[in-house]
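Architecture at a glance
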Amino acid sequence: MPDDDWGLAPPPFNPEQSLLQLQRAMRDCKLGGRGKGFESRGKPVIEFEVQDGAVAARLVRRLVATPEWDTVLVKSAADQRKLIDEVKRRLARWTDEE
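Residues numbered from 1 in each chain as written. Predicted model: local features only at pLDDT ≥ 70, side-chain atom pairs only at ≥ 80, totals over all residues. Heavy atoms only, no water.

What to know about the overall build of the chain
Along the chain, the regular secondary structure elements total 2 helices and 5 strands. Reading the chain from its N terminus to its C terminus gives the helix and strand order α-β-β-β-β-β-α. Taken along the three principal axes of its C-alpha coordinates, the chain extends 55 × 25 × 20 Å. Considering only contacts in the chain between residues 6 or more positions apart, those separated by 24 or more positions represent 40%. Averaging the coordinates of the 17 positive side-chain charges in the chain and doing the same for the 17 negative ones gives two points 7 Å apart. (Helix = DSSP H or I, 4+ residues; strand = E, 2+ residues; numbered from the N terminus. Contact = heavy atoms within 4.5 Å. Lys, Arg positive; Asp, Glu negative; His and termini not counted. Charge placed at Lys NZ, Arg CZ, Asp CG, Glu CD.)

Brief notes about the packing of aromatic side chains
Scanning the model with the defined rule gives 1 aromatic pair in all. Between Phe38 and Phe48, the aromatic rings sit 6.2 Å apart at their centres with planes inclined by 70 degrees, giving edge-to-face as the arrangement. Remark: Phe48 occurs in strand 3 (residues 43-51) and Phe38 occurs in strand 2 (residues 37-40); sequence separation between them is 10 residues. The same class applies to Phe38 as to Phe48, namely buried. Against the face of Trp69 rests Arg58, its NZ or CZ located 4.1 Å from the ring centre. (Phe/Tyr/Trp six-rings, centres within 6.5 Å; stacked < 30°, edge-to-face > 60°. Buried < 20%, exposed > 50% of the residue type's maximum accessible area, 1.4 Å probe, protein only. Lys NZ or Arg CZ within 6 Å of the ring centre and 35° of its normal.)

What to know about the side chain of Arg90
One can find Arg90 in helix 2 (residues 77-97). Only 2.9 Å separates the side chain of Arg90 from the side chain of Asp70, close enough to count as a polar contact. (Polar contact = N/O pair within 3.5 Å; in protein donor to acceptor, adjacent residues only side chain to side chain.)

Details of the confidence of the model for the chain
Mean pLDDT over the chain stands at 90; residues scoring 70 or higher make up 95%. Across the chain, the element-wise mean pLDDT spans from 91 in strand 1 (residues 32-34) up to 96 in strand 4 (residues 54-60). (pLDDT = per-residue confidence, 0-100.)

A few points about unusual backbone geometry
The backbone of Arg41 shows a phi angle near 50 degrees, a positive value even though the residue is not glycine. By relative accessible area, Arg41 is classed as exposed at 54%. Even without being a glycine, Asp52 presents a positive backbone phi close to 55 degrees. Among the structural elements, Asp52 can be located in the loop between strand 3 and strand 4.

Some thoughts on the nonpolar core
In terms of nonpolar packing, the biggest core is built from 21 residues, with Met26, Leu31, Val45, Ile46, Phe48, Leu83 and Val87 touching the most fellow members. Those elements that provide at least two residues to this core are helix 1 (15-28), strand 3, strand 4 and helix 2. (Core = buried A, V, L, I, M, F, W, Y, C linked by side-chain atoms within 4.5 Å.)

Digging into the environment of Arg90
Given the relative accessible area of 11%, Arg90 is considered buried. Linking Arg90 and Val60, residues 30 residues apart in sequence, is a C-alpha distance of 9.0 Å. Setting aside residues no more than four positions away along its own chain, Arg90 makes contact with Leu59, Val60, Arg61 and Asp70.

The following block contains the structure:
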């Protein structure tokens, strides 16, 4: 047995649970929920959808009324953390730009 194998595997990814955690994180970022997405000051920020054992997220590039979208596929807890961090970075950038 290799020294770096502790016999522990990460828990299997559950997209429904991940979606709930992502939605909670968006509310913590002070985003308002509308339909399957979240918005800030009436402008869309992110939308979620569970598909094929993962969470598909559409994240706006800039906070405008008719946005361009970046698509992110969340397939693991690490992907989930990266998405939440990216949303926080973009929200901070948009706040600084105003």
